[in-house]
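# Chains, contacts and geometry: an overview
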Amino acid sequence: MHSVSTLGYMVLGVSDLAAWEGFAVNVLGLQVGRRVAGESLGLRMDDYEQRFLLVKSELDDFLAAGWEFETDAQLDAFVDQARARGAGIVEADREIAEQRRVARLFVCHDPDGISHEFYSCAYRAHTRDAFRSSALRGAFSTGRLGAGHFVTVPKQSARAKAFCQDVLGLKLSDSITGEAAPGVNLDVTFFHARSGRHHSMAVAEVPFPVPKRIHHIMVECTDANDVGLAYDRCKQAGVPILMELGHHPNDQMFSFYMISPSGFAIEFGAGGIVVNDDTWEIKRYSELSDWGHKLNPPPGAPAPNAP
Ligand SMILES: [Fe+2]
């Protein structure tokens, strides 16, 4: 089974590019990359030219996952396999590949309309143009582990999980069935790519309608102090906190969740583990967090004791 190597980039459709730029640079600590005025904004986390692409769109949702391969041969073998499995994969126009800052790009769509994009060679910034964050003390944890992870809330979770395993070639990491709040049970299934970040993609089943394709995106930093510093920046900038500081029992991530200008959440964390397939045991957990991650009421909701 040919599997994607890592989640190299993510594409978000956002209605307010200016609000996102301020949020991404000043709160998350990303660096502005390639800009097409009024149309799109690339964001950097490391020596890649682009790890996030923001595209002007009224959807305010997750548009695409960019899956990386280490070599052209691996990419070609994967594309052949995906075609044989009926995934409807096609080569993207040169213009789209350029916008994604990759040399060659193949695309297919999952059952929920998310674009999954496959490439083997991402453009790197010139050595004179090293990544600089105006906010981070350490660095983002990227490299072979990729840009981070995302968690989808599909219409039919069985179909979504089958796509992860049968088309993308992701492997099951583990699953959690637990309470996000009293009486609110979530079921989340976590999948890892070949390079081993505990999960590059997860599928969440939630007992209420979610207006977005994803629950959240995660970015990870190398210094846990940066999680606290980002939390302070959110408080100072008035960015709503969806879930307070806490720790997940499966990927060991110390993190909190903020609400992005597009309404979906961003998890900002440190300390996530890497799976070694030779020794990994798949487990089922019964709690989403072993401490913290208290869910806050939505912004603007009346206080519990309000009349
Ligand atoms: Fe997460």
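For the chain, the name recorded in an unreviewed UniProt entry is Glyoxalase, with Paraburkholderia youngii as its organism.

Take the environment of S3 next. In this structure, S3 sits in the segment before β1 (6–14). The contacts of S3, once residues within four sequence positions are left out, are F69, F78, L168, G169 and R194. Here the side chain of S3 touches G169 through a polar contact of 3.2 Å, landing on its backbone oxygen.

Residues W67, F118, F150, M258 and F268 are the most contacted members of the largest nonpolar core, which totals 61 residues. Among the elements that line this core, the one with the most residues is helix α1 (residues 17–28), at 6 residues. The two domains that each donate at least three residues to this core are domain 1 (6–119) and domain 2 (143–292). Judged by nonpolar contacts, the second largest core, of 13 residues, contains A64, L105, Y119 and A122.

The next subject is the environment of H109. Of note, H109 is situated in strand β7 (residues 106–109). Once residues within four sequence positions are removed from consideration, H109 is found in contact with I114, S115 and F163.

Let's shift gears to the pattern of salt bridges. The full count for this structure, using the stated rule, is 17 salt bridges. Across the pair E21 and R35 runs a salt bridge, and its minimum N-O distance is 2.8 Å. You can see E21 sitting in helix α1 and its partner R35 sitting in strand β2 (residues 31–36), a full 14 residues away along the chain. The partner of E49 in a salt bridge is R101, with the nearest N and O atoms 2.7 Å apart. Here the residue E49 occupies a position in the loop between β3 (40–44) and β4 (52–56), and R101 occupies one in the loop between α3 (94–100) and β7, the gap between them amounting to 52 residues. The exposure class of R101 is buried, given its relative accessible area of 11%.

The sheet built from 10 strands is open, its strands ordered β17-β10-β11-β12-β9-β13-β16-β15-β14-β18 with mixed pairing. Across the chains shown, the open sheet's two edge strands, defined by having one partner strand only, are β17 (283–285) and β18 (291–292). Examined bridge by bridge, strand β10 (residues 171–181) and strand β11 (residues 184–192) share 9 bridges and lie antiparallel to one another. Of the residues in β11, the one forming a bridge with I176 is V188. Strands β10, β11 and β12 (201–205) of the sheet are contacted by helix α4 (residues 157–166), whose axis makes an angle of about 170° with β12. Against the sheet, helix α5 (residues 224–237) contacts β13 (214–221), β14 (241–247), β15 (254–259) and β16 (265–270), and its axis sits at roughly 25° relative to β15.

Rules used throughout
- Residues numbered from 1 in each chain as written.
- Predicted model: local features only at pLDDT ≥ 70, side-chain atom pairs only at ≥ 80, totals over all residues.
- Heavy atoms only, no water.
- Helix = DSSP H or I, 4+ residues; strand = E, 2+ residues; numbered from the N terminus.
- Contact = heavy atoms within 4.5 Å.
- Polar contact = N/O pair within 3.5 Å; in protein donor to acceptor, adjacent residues only side chain to side chain.
- Core = buried A, V, L, I, M, F, W, Y, C linked by side-chain atoms within 4.5 Å.
- Buried < 20%, exposed > 50% of the residue type's maximum accessible area, 1.4 Å probe, protein only.
- Domains from an automatic or database assignment.
- Salt bridge = Lys/Arg side-chain N within 4 Å of Asp/Glu carboxyl O.
- Pairing = 2+ DSSP bridges.
- Axes fitted to C-alpha atoms, helices over the stretch in contact; angles between N-to-C directions.

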